[in-house]
Amino acid sequence: MSNDCWLLLLLLQRRPNLLAQQQHYAARHAADQAAQAPRPWTPTAAAASTAPSAAEAAAEPSLHHTKPPPFSRYYQSPVSDSCSPLRPAYAADLRDASLTAAGYAPSRVKASDVNFAGYNNADGLGTTCTVNNELFTFPDYNPLVMEMGEVVQWTTNNAHSHPLHVHTQPFQLTSFNLSNMYVGTALTSFFQVGDFYDNMLIPQIGLGPASVVMRFQPGPFSGYAVMHCHYLNHEDLGCMKVV
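Quick notes on the rules
Residues numbered from 1 in each chain as written. Predicted model: local features only at pLDDT ≥ 70, side-chain atom pairs only at ≥ 80, totals over all residues. Heavy atoms only, no water. Phe/Tyr/Trp six-rings, centres within 6.5 Å; stacked < 30°, edge-to-face > 60°. Buried < 20%, exposed > 50% of the residue type's maximum accessible area, 1.4 Å probe, protein only. Helix = DSSP H or I, 4+ residues; strand = E, 2+ residues; numbered from the N terminus. Disulfide = S-S within 2.5 Å.

K.L.:
Provide a residue-level description of the packing of aromatic side chains, including the pertinent values.
P.N.:
By the definition in use, this model includes 5 aromatic pairs. Ring geometry for Phe190 against Tyr197: centres 6.0 Å apart, planes inclined by 35°, an arrangement best described as tilted. Assessed through its relative accessible area of 18%, Tyr197 is described here as buried. Connected via pairs of aromatic rings, a cluster forms that spans Trp154, Phe171 and Phe216.

This is how it looks when you write it as structure tokens:
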């Protein structure tokens, strides 16, 4: 008998065993999934606590999770404005008072204007889009510069129609020019002075000088990155810059 025939005979003999093993593993998997599925939480008026009993927790400790009752603080406003969170080193407060307290003179801050313009805005640029009046090119012969070891400040006059996104380096919002606010609008709690972001759009603050001021603490990564308008059609039309 040829080697091929022996191999075929061996496979035919083992096939029932393989099928039985597959069925066995499938049944075990289904049982495991059913055992690990979280139990539905159904609040009742009589339930004073959602914590499991000691007997239940001892029997199945991994399947019981304490869930807050309805209308608790977990479902209402998040943290109070009076909260002062601990900041990691890369998100140190970069506002003047904190810089002064840390021994860094605010006069050392490296300040520049970074402004989007175009894409059917009132500036008359039509369907082009620019950063500091420059269309994106690669290589970028006039990149934005962030000096390592210093605090860098960007001031933008257009925070309402171009979401500003910066790769690699987060920024802190340090001031808003509320005189540029649109009449009848109000700021929300989402973007607040002191917050850190890497993407920012504040439609309530209109086009005008120093609409939003942001600061960076560049590092620890050096090299090239990009900033751009996060409306991708604006980015594709030139609203991007190498940093």
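K.L.:
Got a sec to walk through unusual backbone geometry? Specific residues and values, please.
P.N.:
The general pattern is negative phi for most residues beyond glycine and trans for most peptide bonds. In this model, Phe138 is joined to Pro139 through a cis peptide bond whose omega is 0°. One can find Pro139 in the loop between strand S3 (129-131) and strand S4 (152-156). A cis amide bond links Gly219 with the next residue in sequence, Pro220, at an omega value of 0°. One non-glycine residue, Ala210, adopts positive backbone phi at about 50°.

K.L.:
A description of the state of the cysteines should follow, citing residues and the corresponding values.
P.N.:
A full pass over the atoms with the stated rule returns 1 disulfide. Note that Cys129 is cross-linked by a disulfide to Cys239, the S-S spacing being 1.9 Å. Taking the torsion about the sulfur-sulfur bond, which here is approximately -75°, the covalent link between Cys129 and Cys239 counts as left-handed. One end of the pair, Cys129, is in strand S3; the other, Cys239, is in the loop between helix H4 (232-236) and strand S11 (240-242), with 110 residues separating them in the sequence.

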